[in-house]
Amino acid sequence: PHIHLHPSQLHMNNQPQNKMIQKNHNNNKKITTNLLVAADGGQSFVRRTLGMPTVNFGYNRRAVTCTVEIETSMNYTAHQRFMPNGPIALLPIWNEDGSDDGDEDEDEETKLYANIVWSTTPSEAQKFQNMSNEEFVTALNNELQKGPTNNPPLIPPSIASSLPTPLANLTHGMEMVAQTLNNSITMSQWSERKPFQVPPLINKVVGRKFGFDLNLMQAQSYVRPRVALVGDAAHTIHPMAGQGLNLGLGDARCLANVVKEAVDSGMDAGDTMHFLNKYDAERKVEVTSMMGGIQLLHGFFSSTFEPLVYVRSLGMNIINSVGVVRKRLVEVAVGANGITTGASKDVRDCFENVKRE
């Protein structure tokens, strides 16, 4: 297939060269390549123009995101608070002086920044976007600075009041035991050397606030002849676990390895679907597994069913207190095969090797 890529259109034609051609609309220049890697986001122009079908699922949630200036360093720590309508995340980013947010010896003049991603209902998201920046900062600090809250009653008061006294007392006792156990596990992890880290105060919003709908999307196939989708062009997930970037890095690494394998074999990675299909199959296994896990977490944390709330709270505390389990979950979060550990360097090295060869 021979592809002509214009700013507003994409044509595929059968040509003997069997190459992909990118054509600049303004000066009519043509750039020939063997493989078009579409990394153009969730609304991918390439994917839509080629008619590559997708599977979609809407969460009926909308995220509000912006950059904020913070008062103190976050010390390499991301903070996330789970609210009834969705999580709010405070994520460290690069500072204006080129150092990262983990530096504690910051110059007094250095400004520190972080990103906010607040997932909530569409109506509440619209309210946040309509707020003044000052009002939004107040809302952020009110939620992020709150201390731990008690779980709701195991049985709603309207039902508990109608229970026989012995059963009502038993239920209340179970609530107290669960709450005490939860608090004990939580506080057992704090010490003078490792105190609880409170999120830094937010000083102001920097720039605009943006909103976007939260959807799960996956292309039925990540590949076409001489075309490979990567990152959000191939799949989008709920941001609650911050796995979108990790999956995109995994795509890049896998595709780089496949291209290198083709070059090492003396073959054109885009000329035969063997290598592209290998990329498609490998990535779909990991991406689909991650999507299933995120969907499970989303349902788990969205539920207001009282017994499940107790199980969720206790389970999270136990996981956080058992180092082996916590470490394994971190490994899964960065890719079942260690995708993001040195992934950017691996991707660069793979393409450098391909370029040299």
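None of the values given here were measured: they were computed from a predicted structure.

Student: Describe in detail the pairing of strand 6 (residues 54-70), supporting the description with residues and values.
Tutor: With 13 bridges connecting them, strand 6 and strand 10 (residues 202-219) associate as antiparallel partners. Directly across from I70, in strand 10, lies its bridge partner I202.

Student: I'd like a rundown of the sheet that holds strand 13 (residues 235-236), residues and numbers included.
Tutor: Read from one edge to the other, the open sheet built from 6 strands follows the order 7-8-9-6-10-13, with strand pairing classed as antiparallel. The strands lining the two open edges of the sheet, one partner per strand, are strand 7 (79-83) and strand 13. Strand direction decides the pairing type here: strand 6 and strand 9 (residues 112-120), joined by 9 bridges, are antiparallel. Bridging from a neighbouring strand, C66 pairs with I116 of strand 9. Set on the sheet, helix 2 (residues 122-130) makes contact with strand 6, strand 9 and strand 10; between it and strand 6 the angle comes to about 25°. Helix-sheet contacts for helix 3 (residues 133-144) involve strand 6, strand 7, strand 8 (86-92), strand 9 and strand 10, and the interaxial angle to strand 10 is about 75°.

Student: Lay out the side chain of H238 in plain terms, naming residues and giving numbers.
Tutor: Mapped onto the elements, H238 comes out in the loop between strand 13 and helix 6 (244-264). Given the relative accessible area of 2%, H238 is considered buried. Excluding residues that lie within four positions of it along the chain, H238 makes contacts with Y59, P87, S119, L214, I294 and H298.

Student: Give me the lowdown on the confidence of the model for the chain, citing residues and values where you can.
Tutor: Counting all residues, the mean pLDDT for the chain is 78, and 71% of those residues have values of 70 or more. Averaged pLDDT values over the elements of the chain bottom out at 46 in helix 10 (residues 343-356) and peak at 96 in helix 2. Every residue in residues 337-344 is under pLDDT 50, and counting partners more than four places away or in other chains gives 16 contacts. Ignoring residues within four places in sequence, the model shows residues 350-357, a span with pLDDT below 50, making 9 contacts including any to other chains.

Student: Explain the pairing of strand 10 residue by residue, including any values.
Tutor: Relative to strand 13, strand 10 runs antiparallel, the two being bridged by 2 bridges. Bridge pairing in strand 13 places M217 opposite T236.

Student: Got a sec to walk through the pattern of salt bridges? Specific residues and values, please.
Tutor: As enumerated under the stated definition, the model contains 10 salt bridges in all. R226 serves as the salt-bridge partner of D268, at 2.9 Å between the closest nitrogen and oxygen. With D268 in the loop between helix 6 and helix 7 (273-302) and R226 in the loop between strand 11 (223-224) and strand 12 (227-229), this residue pair connects regions lying 42 residues apart in the sequence. When its relative accessible area of 2% is taken as the criterion, R226 is described as buried. Linking D271 and R226 is a salt bridge whose minimum nitrogen-to-oxygen distance equals 3.5 Å.

Procedures and definitions
Residues numbered from 1 in each chain as written. Predicted model: local features only at pLDDT ≥ 70, side-chain atom pairs only at ≥ 80, totals over all residues. Heavy atoms only, no water. Pairing = 2+ DSSP bridges. Helix = DSSP H or I, 4+ residues; strand = E, 2+ residues; numbered from the N terminus. Contact = heavy atoms within 4.5 Å. Axes fitted to C-alpha atoms, helices over the stretch in contact; angles between N-to-C directions. Buried < 20%, exposed > 50% of the residue type's maximum accessible area, 1.4 Å probe, protein only. pLDDT = per-residue confidence, 0-100. Salt bridge = Lys/Arg side-chain N within 4 Å of Asp/Glu carboxyl O.

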